[in-house]
Amino acid sequence: MNDWLNLYDFFFYKLHHLMVWLTAGTFLESSGADIGFFLATMIMCLITFGSIMSSMFVILWIERKLYARVNDRRGATTALRSLWVGENGVTAGEWWNMIPYGLGKPIGALNGWLNKVAGNDGHSHEMVNRVGNRSWYGVTIFPGFFQNLADGMKFMIKEHMVPERADKVIFEVAPFLVISSTIMILGLIPLSSGIYGANPELSVLFAFAIFGIAPLGVFFAGWSSNNKYTLLGGIRSAAQLTAYEIPLLLSILSVCIMAGSFNFIEIVNFQHSAGVWLLFLMPLGAVLYLVSMIAEVERIPFDMPEAEAELVEGWWTEYGGMRFGLLFAAEYMRVYAACILFAHFFLGGWASPFAGLVPGGPLIPGIIWTLLKAWFIFTVIFVWARTALPRIRTDQILEFGWRMLLPLSFLQVVLAVIYRLYLFDASALADTTSGGWAWDFMGIPWGVPILTTAFWLGVFWVFMNDENLEEDQERMFHVQTLTPAGKHTAGQE
Amino acid sequence: MAEMWITMGPQHPMTHGLWTMRVKVDGETITDTEAELGYIHRGVEKICEARDFTQITPYCDRLCYVSAMTWSHSYVMAAEDLLEAEVPERAEYIRLMAAEIQRLASHLMWLGAFGPDIGNLTLMTWCLRDREMFLDLLQELGGSRMHYNFPRVGGVKRDIPIGWADRMRAKVKLFEHRISEYEMLLDESTIWLVRLQGVGYATAEDQINAGVTGPNIRAAGVNTDARWTNPYSVYDQVDWEPAVEKPTSIKGADCYDRYRVRMEEMRQSCRMLLDAIEKIPGGSNTHYQPGDEMILTKAPTRAPEGATGFSTYECTRGVSQFYLQGGGDSRGKNPYRVSVRSPIFITIPYVAKLMIGYKIADIPAIMGSFDPCIGESDR
Amino acid sequence: MGIAITKEQNSIAASAIADAISKRFSDGGVNAESVAHSNDKKFDFVRITCEPNRWRAVAKWMRYEGGVNHCSMVTGTHFPDGPAERGWEVVVHLMKWPISNVAAHTMVVHDASKFKTEDVPMEFEVVIPLAAGDSPTVPTVQDIWVGADWNEKETWDLVGIDFEGHVNMHRVLNPHDSPIGFHPLQRQHKIRYHDFNEMYDDPQGFGRKPVDEGRVK
């Protein structure tokens, strides 16, 4: 179902007519349409790239703030109270009282409510006020949003150093490979059915072919810096990225098999016309995609190539100034692209939830839905995993990728084929606002996704509860006692 | 591919201190190591020969700065052995509580550095946050957050302030819940277990022969804690048990066992604190003035030539010993020789050889699980 | 109440070991006695005074028959003003920590009532006086206890006592390029600028000599 906000067609037709009309009668007459197409594509690329880059501030902001919250580094109201800083860094305290006409009173009330609900007052530990206002649902507002813009400017004015015995040509080329391939993908990813830079027929294939160039740049960087640490980091990275390309591509292949197309827009439209998001039809594929993507973009728990503890930034170590800044930005752009792609493949792209059941058309433009879904996935999966998990050792990462993810992704491909061939009702596709019902099963509406989701949730539940409790007891601490312990038991009042 | 030597040089985020480990790697596997210490050798033993017995105490704080109370306590015990001084019981209780709070703070610092080494950056902020509670308590006793100069030959410098007991109880009780929270984050995380289990095996016999002590051998199933094998202070009157972990493999203790031992030691320290504050003679909410005989006896200040004294003390990282010989300058006011035994000085070369055969990525896991602190090793 | 070994058990064990050593090395050169600390809460330990040429024999007995499995500290002291037969002294602290065979899944139980005399943990102090002179030498016990290895390196590095038979002796605390023969803890080296009077009378170092600029002094 195409979104109503169709900028591409708008610019294309406008510029087409404009250029044809402008070049009529001149020597450029035969190429007027092409010039129009070129200009339209350029404008669309700018719009797409601009929206992604400006909304990337949200990604970085979410990461910082959520990470800080999970680390208990922020109280519920720290951001609020620190908004006004005076001379010598003195904060104005309850600065909202200084706003004229009493307009600041709601802020004061919010501050008080947050402290009551999410601050230390809820616990009986007055003695330990120093250890942070603990809460699991603190609210932080905009302060800090443009921190990353300042970071970018800082990178620009920093010194660019090339190590003396580095291979200079490759040293300079490597960041370009990484960054340019990342940015090129952004031109292919549609933010909505009408907002994209380019839409070739096999756009998924093309996008992931480009996505796979970056490991080459990483390896170049690691080798050319003439530094044993970066070499190790580059090698680890090359091995890891190669290992996880395959489960990634196989899970995307299963998405394309299910949807019957290699085109982003058609995949998203398929989800709407068939009536259900692909997440519920192939949860295994979604999980595989997420895990492989986290490994591909080298985030914790898979960030061994840049593990600070051993390698001090790994293959990035020798880069300074804007090259480092761009590599850093490229990593986040890859993360963002991964989130947007997850939203397209599995979460229905620019369709609103329950779009098929809500009568009438969508009110909010599709691009907003896409971005919201991408931010949601980023928050819940990428950032949360980063805060809570340690990193896995390289050989364990490789073993996990080759020996566990690869067979599962094969299984997912087989399942996708089975689903598409035998459980899919092609006649029930409907490209209308209310979608179709192509996945019914023996009369149960949406039977296939319901049963599939129930099955995989059951598998998950079984794995969670299947613990060898005895083994845990053996490993856990055993006190060697002489006389029975005293009256006080550690951990209880 | 040829083997290459990598220098995990003096400046490195992993080394937790200033020392070098040169590692010969074949791909990712370690084939040989060399450890070099001595970067922060400050000559404490030589300096102490020109100092009074009381003036040496601040130097001992700075030996292992993360665990300062235990080191000055250890020195002061040796000085009392040399000078044959008595210590009032209330002072012993205060020293015990200070040492156990310091043990908590030191283990939290260890965990706060160990977690990020493995990759879990959340632990750093959580542990430092909780460590603040204990640093506040020690600040009330000693005046500063890190180098306290608190024990004196014959007692302690000042008594516990009024209200300190209530604050300590509240904080320790909160902290016990926080330990459970750490265990929830870590012990139920497959990645944590996969990184630590099966890595860094060290058997008990090898370790004892090599001079490794403390939580590292208790992780190998050996119930040896200097607090009961060489008893001192009032540890025999306080409720506690040594934290021993029995390894499940004959190959010895792995990193996970050492981590578990320290977590359990933190629990035991909490238990000791809550018990000691009930049993302290003179009451927990009374404050005696500095110099009062309840907390400080007048100790002799001169040691004759030929007299010796030593202490065997369970520091946070192992067994530390001070050996003092009397009869130095100023007609015996200074010691003739001060010799310090640092557990980490012996552990680091042992661990460096232990790492052969594992991967580079295991170096922070193994090194971190042995808890090095270079201040005490280099003196 | 923790683990408790009673004082009597410890005293009995200390005396027993001291007697065993004295009996074994009754042909002279070795003197063993059990010594009590001034603080009677602390346990007794065994002090052995032995001559350098008997040190290895004593060490081997202690390790293989006495069960002393831990070498804790090796200290060296320089007595330039002392008697001629005690110009240098090496003091070795050792410990005996009984450990059973720690096989998998067995518990090591220390019940005080089950302690046999030879199971009681014990501490040892071995004092080896050396004759005054320029080259004090003591046989090494590096092959008997691995823990003695770096302790002996440190003692040689700081005090200058040679350990005969020690493999791979090198500087551990001083820089590797320290001058040969420079062992800072010998008494002829004075601490410059950190001695008590200088430090307190001139805390900012205005009286330091320009020739010492940049030197670690």
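As the structure is a computational prediction, the values presented were derived from the model and not from experiment.

## Details of the overall build of chain A
Part 1: Counting its regular elements, chain A contains 18 helices and zero strands.
Part 2: Classification of the 493 residues of chain A by burial places 40% in the buried group.
Part 3: Restricting to contacts in chain A with at least 6 residues of sequence separation, those with at least 24 account for 75%.

## Overview of the domain arrangement of chain A
Residues and elements named next belong to chain A.
Part 1: Taken domain by domain, chain A consists of domain 1 (7-131) and domain 2 (147-465).
Part 2: At the junction of the two partners, domain 1 supplies 24 residues and domain 2 supplies 19 residues.
Part 3: Looking at the side of domain 1 that touches domain 2, the elements with two or more residues in it are α1 (7-23) and α2 (32-70).
Part 4: Sorting elements by how many residues they give to the side of domain 1 that touches domain 2 places α2 first, with 20 residues.

## Quick word on the nonpolar core
Part 1: Membership of the largest hydrophobic core comes to 279 residues, with the highest contact counts inside it found for Cys-339 and Phe-342 of chain A.
Part 2: The dominant element in this core, judged by the number of residues it contributes, is helix α4 (residues 89-118) of chain B, at 17 residues.
Part 3: Per-domain counts for this core show at least three residues from each of domain 1 (7-131) and domain 2 (147-465) of chain A.
Part 4: Those residues in contact with Phe-342 of chain A that lie beyond four places of it in its chain are Tyr-289, Leu-290, Leu-347 and Ile-377 of chain A.

## Some points on the environment of Gly-154 of chain B
Residues and elements named next belong to chain B.
Part 1: With respect to the element layout, Gly-154 can be found in the loop between β4 (151-152) and β5 (155-156).
Part 2: Exposure remark for Gly-154: the 24 C-beta atoms within 10 Å place this residue in the buried category.
Part 3: Distance from Gly-154 to Ala-85, taken between C-alpha atoms, is 5.9 Å for residues 69 residues apart in sequence.
Part 4: In this view, Gly-154 contacts Glu-80, Ala-85, Val-87, Leu-296, Thr-297, Lys-298 and Ala-299; residues no more than four positions away in its chain are not counted.

## Overview of the packing of α4 of chain B against helix α11 (residues 255-279) of chain B
Residues and elements named next belong to chain B.
Part 1: In contact at an axis separation of 9 Å, α4 and α11 are set at 155 degrees when each is read in the N-to-C sense. In this view, α4 runs roughly antiparallel relative to α11, as classed from their interaxial angle. α4 and α11 meet at a crossing whose hand is left-handed. Contacts between α4 and α11 involve Tyr-93, Leu-96, Met-97, Glu-100, Ile-101, Arg-103, Leu-104, His-107 and Trp-110 from the former and Arg-262, Glu-265, Met-266, Ser-269, Met-272, Leu-273, Ala-276 and Ile-277 from the latter.
Part 2: A per-class count over the contact of α4 with α11 returns 11 nonpolar, two polar and four charged.

## Notes on the sheet that holds strand β4 (residues 88-96) of chain C
Residues and elements named next belong to chain C.
Part 1: Ordered in space as β1-β2-β5-β4-β3, the five strands form an open sheet in which the pairing is mixed. Of all strands in the sheet, those with a lone pairing partner are β1 (30-35) and β3 (70-78), marking the two edges. Looking at each pair of strands side by side, their axes are set apart by 15 degrees on average, direction ignored.
Part 2: Two strands pair when backbone bridges link them, and strand β2 (residues 45-50) and strand β5 (residues 122-130) are joined in this way by four bridges, in the parallel orientation. Looking across to β5, one finds that Ile-48 is bridged to Val-126.

## Some thoughts on the confidence of the model for chain A
Residues and elements named next belong to chain A.
Part 1: With 77% of its residues at a pLDDT of 70 or more, chain A shows a mean pLDDT of 77.
Part 2: Looking at the elements of chain A, mean pLDDT is at its lowest for helix α18 (residues 469-475), recorded as 48, and at its highest for helix α12 (residues 283-296), recorded as 92.
Part 3: Taken as a whole, residues 85-91 scores under 50 in pLDDT and shows five contacts with residues more than four places along the chain or in a different chain.
Part 4: Scored below 50 in pLDDT, residues 120-129 shows 15 contacts in the model against residues more than four places distant or in partner chains.

Cut-offs and rules
- Residues numbered from 1 in each chain as written.
- Chains lettered and ligands numbered in written order.
- Predicted model: local features only at pLDDT ≥ 70, side-chain atom pairs only at ≥ 80, totals over all residues.
- Helix = DSSP H or I, 4+ residues; strand = E, 2+ residues; numbered from the N terminus.
- Buried ≥ 20, exposed ≤ 12 C-beta atoms within 10 Å, placed from the backbone.
- Contact = placed C-beta atoms within 7 Å.
- Domains from an automatic or database assignment.
- Core = buried A, V, L, I, M, F, W, Y, C linked by C-beta atoms within 7 Å.
- Axes fitted to C-alpha atoms, helices over the stretch in contact; angles between N-to-C directions.
- Parallel < 35°, antiparallel > 145°, perpendicular 65-115°, else oblique.
- Left-handed = near helix turned anticlockwise from the far one by under 90°.
- Nonpolar A, V, L, I, M, F, W, Y, C, P; charged D, E, K, R; others polar.
- Pairing = 2+ DSSP bridges.
- pLDDT = per-residue confidence, 0-100.

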